[in-house]
Amino acid sequence: MILTFDDLALRFNDRTDIKGKIRREVKAGRLTQIRRGLYETDANADGKYLAGAIYGPSYLSFDYVLSMCSLIPEAILRTYTSATFNKGKSKRYDNAFGVFTYRDIPAAVYSLGVQIREENGYSYQIATPEKALCDKLYALSPVGSIKAMRALLFEDLRVDEEDFWRLDLKDIMRLAPLYGATNHKYLVRLIEGGR
């Protein structure tokens, strides 16, 4: 369970030194600090449950989702990549649960293609594979042609081509133009041209 300092202050309100009590709980392993003022009671909690609480609003996306959906061959172990909006800069947090990175995408697309999941008493937000791919392309340097987009997807990112064509292409066609980015323009043209 994720607890804030205020949650713990209420829990330990009979103590005169609340900060000292929290430090002792962390030292004893009953609490794990996620970031300043934020703690987890389960030292074995999956980082995907914590990503949105560490820095938000945010949802899991980019390489984390692409890897979980087996669209890219890299296994993302204990690395959680999330999308934010209007933050102005990327953020990174390292803690006992893993490495958490956050990067902006356009506000116009932030809420689209995101699912809310509930597991093991936690609730978290995660992009669909189509949205994660669009987010990833937004974070990369622009290409200048359909051929370059094909190379970016299938050679550089090593997206499995068969898996790509099995994605919900209508969803990508709906999302991509909203990013207003060159990569998305060529992604749409690639899909329109077919295999």
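Whatever comes next refers back to the structure up there.
Please read these numbers as outputs of a predicted model, since none were measured by experiment.

Draft legend 1. Fine view of unusual backbone geometry. Cis geometry is found at the peptide bond from Gly-56 to Pro-57, where omega equals 5 degrees. By the element assignment, Pro-57 lies in the loop between helix H3 (51–54) and strand E4 (59–60). At Phe-62, a residue that is not glycine, the phi angle is positive and equals roughly 50 degrees. Tracing the chain through its elements places Phe-62 in helix H4 (residues 62–68). Phi at Arg-158 takes a positive value of approximately 60 degrees, unusual for a residue other than glycine. Examined against the element boundaries, Arg-158 turns out to sit in the loop between helix H6 (146–156) and helix H7 (161–166). Owing to a relative accessible area of 44%, Arg-158 belongs among the partly exposed residues under this scheme.

Draft legend 2. Region of interest: the packing of aromatic side chains. Tallied over the full model, the rule gives 12 aromatic pairs. Centre to centre, the rings of Tyr-138 and Tyr-179 are 5.9 Å apart; their planes meet at 45 degrees, and the pair counts as tilted. With a gap of 41 residues between them, Tyr-138 in helix H5 (residues 129–139) and Tyr-179 in the loop between helix H8 (169–175) and helix H9 (182–193) connect regions that are remote in the sequence. Residue classification places Tyr-179 among the buried positions, given a relative accessible area of 5%. Considering the side-chain rings of Phe-154 and Phe-164, the 5.5 Å spacing of their centres and the 80 degrees angle between planes classify their relative orientation as edge-to-face. With Phe-154 in helix H6 and Phe-164 in helix H7, the pair connects residues that are 10 residues apart, well separated along the chain. Neither Phe-154 nor Phe-164 differs from the other in exposure class; each is buried. Lying across the ring of Phe-12, Lys-21 places its NZ or CZ 5.3 Å from the centre. Over the face of the ring belonging to Tyr-55 we find Lys-87, whose NZ or CZ atom lies 4.9 Å from the ring centre.

Draft legend 3. Examining the nonpolar core more closely. Counting 54 residues, the largest nonpolar core has Leu-153 and Phe-164 as the members making the most contacts within it. Among the elements that take part in this core, H9 stands out by supplying five residues, more than any other. Contacts of Phe-164, omitting those with residues within four sequence positions, involve Leu-71, Leu-133, Leu-153, Phe-154, Val-159, Leu-169, Leu-187, Leu-190 and Ile-191. Judged by nonpolar contacts, the second largest core, of six residues, contains Leu-3, Leu-8, Phe-12 and Leu-31.

Draft legend 4. Spatial organisation of the side chain of Lys-136. Its place among the elements puts Lys-136 in helix H5. Not counting the four nearest positions on each side in its chain, Lys-136 is found in contact with Phe-62, Asp-63, Leu-66 and Leu-157.

Criteria and thresholds
- Residues numbered from 1 in each chain as written.
- Predicted model: local features only at pLDDT ≥ 70, side-chain atom pairs only at ≥ 80, totals over all residues.
- Heavy atoms only, no water.
- Helix = DSSP H or I, 4+ residues; strand = E, 2+ residues; numbered from the N terminus.
- Buried < 20%, exposed > 50% of the residue type's maximum accessible area, 1.4 Å probe, protein only.
- Phe/Tyr/Trp six-rings, centres within 6.5 Å; stacked < 30°, edge-to-face > 60°.
- Lys NZ or Arg CZ within 6 Å of the ring centre and 35° of its normal.
- Core = buried A, V, L, I, M, F, W, Y, C linked by side-chain atoms within 4.5 Å.
- Contact = heavy atoms within 4.5 Å.

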